[in-house]
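# Summary of the model geometry
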Amino acid sequence: DGAVKLYHANAQKFETTTTGAKITHTGNAALEIVGGEGYHAQIYMSADEGDDANDKWLIDSQDAGKFVLYNYSNGSSWEKSIIANAAGSVELYYDNNKQFETLSTGVQVTGKLQIDRTVSATSGDHPALEIETLSSGSENSTFATGIDFKVDGVFKKRLAVTRGSGEGGGDWVLFKDQGVNQALVIDSSGRIRTGGASSFNASTNADDLQIGASGQSNQTGISLGSASASSIRFMDVANDSAGFILY
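Residues numbered from 1 in each chain as written. Predicted model: local features only at pLDDT ≥ 70, side-chain atom pairs only at ≥ 80, totals over all residues. Heavy atoms only, no water.

### Let's talk about the overall build of the chain
In terms of regular secondary structure, the chain is built from zero helices and 19 strands. For the chain, the proportion of its 247 residues judged to be buried stands at 17%. In the chain, the proportion of contacts linking residues at least 24 apart, taken out of those at least 6 apart, comes to 1%. (Helix = DSSP H or I, 4+ residues; strand = E, 2+ residues; numbered from the N terminus. Buried < 20%, exposed > 50% of the residue type's maximum accessible area, 1.4 Å probe, protein only. Contact = heavy atoms within 4.5 Å.)

Printed below as a string of structure tokens:
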């Protein structure tokens, strides 16, 4: 009616207890399970007397460096919960469907990414998502970071922030594609440029809206409520200052 103890070289290593079993060692204690050539090493675990499928788990160390955690929740087959690949990716599953995977370039999410942040404060800034790109070198004028949007693996749009000095520096750029053709630019001064214009040719006022002016040397666009004279300017291919309304 008591414990059973097993010894190695006169030192106790294993003992049965009222709650199960205990392994004892003066250094790191370990339970080693070794499968045969081409076979797996597995541990089956069942909680709550094992009478419910949800309570059954399988830890499976497979050949080719794959480690898998399974659950028997459907009652007929083992479903994947976690897969870890040696020197490679880690995969997370929901009801046997992969939802998250680590990559050499970052991570990949399958499905919707939902971010919830609850704060008790009623004022101040409380971002729920922070995106940071760390550069090991010196960024040039074309350096940018942002988000690419795809549908079925095809690039659709890119939202980027360009290089700029200090906090708040850089321009917001919405591209029509993977970073070649601009659709909308909001610079660090608050000016807005649309229609693929390559640079701002309106005045330096921070409330200018420039529409469709690409490469003109004169002022183009709409300037309303500025410190200087407000104006609406018109241009075409032949004349970059075809006319204007000045107030």
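### Remarks on a nonpolar patch on the surface
Nonpolar side chains collect at one region of the surface, where Val4, Leu6, Phe14, Ile23, Leu31, Ile33, Ile43, Met45 and Trp57 lie side by side and expose about 780 Å² of accessible area between them. Within the secondary structure, tryptophan 57 sits in strand β5 (residues 56-62). A residue is classified by how much of its surface remains accessible, and tryptophan 57, at 32% relative accessible area, is partly exposed. (Patch = residues over 30% accessible without salt bridge, like charges linked within 9 Å, V, L, I, M, F, W, Y side chains within 5 Å. Areas by Shrake-Rupley, 256 points an atom, 1.4 Å probe, with all protein chains shown as cover. Salt bridge = Lys/Arg side-chain N within 4 Å of Asp/Glu carboxyl O.)

### Quick notes on the environment of valine 180
In this structure, valine 180 sits in the loop between β13 (172-175) and β14 (182-186). The sequence separation of valine 180 and arginine 158 amounts to 22 residues, and the corresponding C-alpha distance is 9.4 Å.

### Brief notes about the pairing of strand β7 (residues 79-85)
When strand β6 (residues 66-71) meets β7, the two strands line up antiparallel, connected through six bridges. Within β7, the position partnered with leucine 69 by the bridge is isoleucine 82. In terms of strand pairing, β7 meets strand β8 (residues 90-94) through three bridges, oriented antiparallel. The partner of alanine 84 across the bridge, within β8, is valine 90. (Pairing = 2+ DSSP bridges.)

### Quick notes on the sheet that holds strand β2 (residues 11-17)
Taken in spatial order, the three strands make up an open sheet running β1-β2-β3, and their pairing is antiparallel. Each edge of the sheet is formed by a strand with only one pairing partner; in this case those strands are β1 (5-8) and β3 (20-23). Direction aside, neighbouring strands of the sheet carry axes that sit 15° apart on average. Here four bridges tie β1 to β2, and the two strands are oriented antiparallel to one another. Bridge pairing in β2 links lysine 5 to glutamate 15. (Axes fitted to C-alpha atoms, helices over the stretch in contact; angles between N-to-C directions.)

### Notes on unusual backbone geometry
Most peptide bonds are trans, and most residues other than glycine sit at a negative phi. At alanine 9, a position not held by glycine, the phi torsion is positive, near 55°. Considering the arrangement of structural elements, one finds alanine 9 in the loop between β1 and β2. By relative accessible area, alanine 9 is classed as exposed at 71%.

### So, the sheet that holds β6
The seven strands are arranged β4-β5-β6-β7-β8-β9-β10 in an open sheet whose pairing can be described as antiparallel. This sheet does not close on itself; its edge strands, each paired only once, are β4 (41-46) and β10 (106-109). Recorded for the sheet is a direction-independent mean angle of 15° between the axes of neighbouring strands.

### Describing the pairing of strand β11 (residues 144-151)
Note: β11 against strand β12 (residues 154-162), eight bridges, orientation antiparallel. The residue bridging threonine 145 from the neighbouring strand is valine 161, located in β12. Counted between consecutive antiparallel strands, the loop separating β11 from β12 contains two residues, among which aspartate 152 sits at a positive phi close to 55°.

### Thoughts on the nonpolar core
One recurring pattern in soluble globular proteins: nonpolar side chains tend to sit buried together. Grouped together as the largest cluster of nonpolar side chains are five residues: Leu58, Val68, Tyr70, Ile83 and Tyr93. When near neighbours in sequence (up to four residues on either side) are disregarded, tyrosine 70 contacts Lys56, Trp57, Leu58, Asp60, Gln62, Trp78, Glu79 and Lys80. (Core = buried A, V, L, I, M, F, W, Y, C linked by side-chain atoms within 4.5 Å.)

### A short note on the pattern of salt bridges
Tallied over the entire structure, the rule returns two salt bridges. Residue lysine 98 is joined to glutamate 101 by a salt bridge in which the shortest nitrogen-to-oxygen separation is 2.9 Å. On the accessibility criterion, glutamate 101 (14% relative accessible area) is buried. In this structure, aspartate 148 and arginine 158 form a salt bridge, with 2.5 Å as the shortest nitrogen-oxygen distance. Residue aspartate 148 is found in strand β11, and its partner arginine 158 is found in strand β12; the two are separated by 10 residues along the sequence. Aspartate 148 sits in the partly exposed class, given a relative accessible area of 34%. With a relative accessible area of 22%, arginine 158 lands in the partly exposed category.

### Things to note about the environment of glutamate 79
Inspection of the secondary structure puts glutamate 79 in strand β7. When the C-alpha atoms of glutamate 79 and tryptophan 57 are compared, they prove to be 9.5 Å apart, with 22 residues separating the residues in sequence. Those residues in contact with glutamate 79, other than ones at most four positions away along the chain, are Leu69, Tyr70, Asn71, Ser73, Asn74, Asp95 and Asn96. One polar contact links glutamate 79 to asparagine 74, side chain to side chain, over a distance of 3.1 Å. (Polar contact = N/O pair within 3.5 Å; in protein donor to acceptor, adjacent residues only side chain to side chain.)

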